[in-house]
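# Structure at a glance
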Amino acid sequence: MRIDIATLFPDMCEAVLSESIIGRARKAGHIEIHCHNIRNYTLDKHKRVDDKAYGGGTGMVMQPQPIHSCIMHIKEELGETEKAPRLIYLSPQGRVLTQQVVKELAAESNLILLCGHYEGVDQRVLDELEFEEISVGDFVVTGGELPALMLTDAVARMQQGVLPNEDAYSIESHYNGLLEHPQYSRPEEWMGRRVPEVLLSGHHANIKKWQEEMALEITAKKRPDLLKKQQLISDMSSD
Ligand SMILES: C[S@@+](CC[C@H](N)C(=O)[O-])C[C@H]1O[C@@H](n2cnc3c(N)ncnc32)[C@H](O)[C@@H]1O
């Protein structure tokens, strides 16, 4: 899979994506990620990429030309692909990113992510290139970089070879609509708190049963809305 990120702050993205699990996965060739500086594509002689908003307002708006040229350059670099790349503008107005959306995006071969900044992006370039919009939640951050990095990390860790095996992401919170059971490591006792006995028993079937029960219990306690959603899905599929 290849992910291209169009941003005014490529160093910020590279800094995060060169570290830890994703950094190693890139080096090993399990995922290809490129960060592109939108400013390199402006035709303005002063290298401007933003201007005042028509209609007034406090912030600046990212102009359409540099974004359009940057995205066209990425598309040219990709060449003929079997399936058109998904063009995603990270936006607080978009479809909210969930593990289900991550699964859907992880099955693609090419994603092009656009990070806005300041007051946002001129609507015309979003319409012209037919961007879909994805949000990381109902709040506003200063730029699309952190949201793009979250999306990239979530999608990258589902690619083959990035994590040791499929269990590493499938037996985790949200993958199947539940939260994960609690985790414990050594020592067996810490500050008078013991690791649950079943985890020390070596009895795999009992451990699995305990983990499943705990997942249900924890979901009911922390996120009862998720259980209700599961119930609705199973009601709908049995109708
Ligand atoms: C300050 S925000 C602009 C918000 C815009 N004026 C609005 O009210 O919808 C600047 C940029 O940050 C990014 N951004 C902010 N919040 C986001 C969120 N919740 N999810 C994804 N991207 C977000 C977008 O790329 C956006 O263009």
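Residues numbered from 1 in each chain as written. Predicted model: local features only at pLDDT ≥ 70, side-chain atom pairs only at ≥ 80, totals over all residues. Heavy atoms only, no water.

### Quick look at the domain arrangement of the protein chain
- As assigned here, the protein chain comprises domain 1 (2-156) and domain 2 (171-238).
- The C-alpha centroid of domain 2 is placed 35 Å from the C-alpha centroid of domain 1. (Domains from an automatic or database assignment.)

### Thoughts on the site of the ligand
- Neighbouring the ligand are 21 residues, the closest being Y89, L90, Q93, E119 and F139.
- Here Q93 contributes a side-chain N or O atom positioned 2.9 Å from an oxygen atom of the ligand.
- In the complex, 85% of the free accessible area of the ligand, which totals 580 Å², lies under the protein chains.
- For the shell around the ligand, the secondary-structure elements that each account for two or more residues are β5 (86-96) and β7 (132-135).
- Counting residues per element, the shell around the ligand draws most heavily on β5, which supplies 5 residues.
- The class makeup of the residues in the shell around the ligand is 10 nonpolar, 10 polar and 1 charged. (Near = heavy atom within 4 Å. Polar contact = N/O pair within 3.5 Å; in protein donor to acceptor, adjacent residues only side chain to side chain. Areas by Shrake-Rupley, 256 points an atom, 1.4 Å probe, with all protein chains shown as cover. Helix = DSSP H or I, 4+ residues; strand = E, 2+ residues; numbered from the N terminus. Nonpolar A, V, L, I, M, F, W, Y, C, P; charged D, E, K, R; others polar.)

### Overview of the sheet that holds strand β6 (residues 110-115)
- The strand order across the open sheet built from 5 strands is β2-β1-β6-β5-β7, with neighbouring strands paired in parallel fashion. In the strand order of this sheet, the two ends are held by β2 (32-37) and β7, each with one partner. Strand-to-strand twist in this sheet, taken as the mean axis angle between neighbours without regard to direction, amounts to 35°.
- Helix-sheet contacts for helix α4 (residues 99-106) involve β5, β6 and β7, and the interaxial angle to β5 is about 175°.
- Running over the sheet, helix α6 (residues 145-156) touches β1 (2-7), β2, β5, β6 and β7 and is turned about 160° from β6. (Pairing = 2+ DSSP bridges. Axes fitted to C-alpha atoms, helices over the stretch in contact; angles between N-to-C directions. Contact = heavy atoms within 4.5 Å.)

### A look at helix α2 (residues 20-27)
- Every buried residue belonging to α2 is among I22, G23, A25 and R26, and all of these are buried. What you see down the axis of α2 is that its buried residues fit within an arc of 165°, all on one side. α2 presents R24 and K27 as exposed residues on the side facing more than 90 degrees away from its buried surface.
- Next to the buried residues of α2 lie α1 (10-17), β2 and α6. (Buried < 20%, exposed > 50% of the residue type's maximum accessible area, 1.4 Å probe, protein only. Arc of directions from axis to C-beta.)

### Quick look at the side chain of H181
- Mapped onto the elements of the fold, H181 is located in the loop between α7 (167-170) and β8 (189-190).
- Residues within four places of H181 in sequence aside, it is in contact with W210, Q211, M214, A215 and I218.

### Thoughts on the packing of α4 against α6
- Packing of α4 against α6 brings their axes to within 9 Å, and their N-to-C directions diverge by 70°. Between α4 and α6, the angle falls in the class roughly perpendicular. The handedness of the crossing between α4 and α6 comes out as right-handed. Facing α4, whose interface residues are V102, L105 and A106, α6 presents L151, A154 and V155.
- Here the residues of the contact of α4 with α6 sort into 6 nonpolar, no polar and no charged. (Parallel < 35°, antiparallel > 145°, perpendicular 65-115°, else oblique. Left-handed = near helix turned anticlockwise from the far one by under 90°.)

### Things to note about the pattern of salt bridges
- This model, assessed by the stated rule, comprises 18 salt bridges.
- Residue R95 pairs with E104 through a salt bridge whose shortest N-O separation is 3.0 Å.
- Accessibility expressed as a relative area gives 38% for R95, which makes it partly exposed.
- As a salt-bridge pair, D225 and R223 come within 3.0 Å of each other at their nearest N and O atoms.
- By relative accessible area, which is 32% here, R223 ends up partly exposed.
- Because the salt bridges share partners, they merge into one network encompassing K83, R86, R95, E104, E108 and E132. (Salt bridge = Lys/Arg side-chain N within 4 Å of Asp/Glu carboxyl O.)

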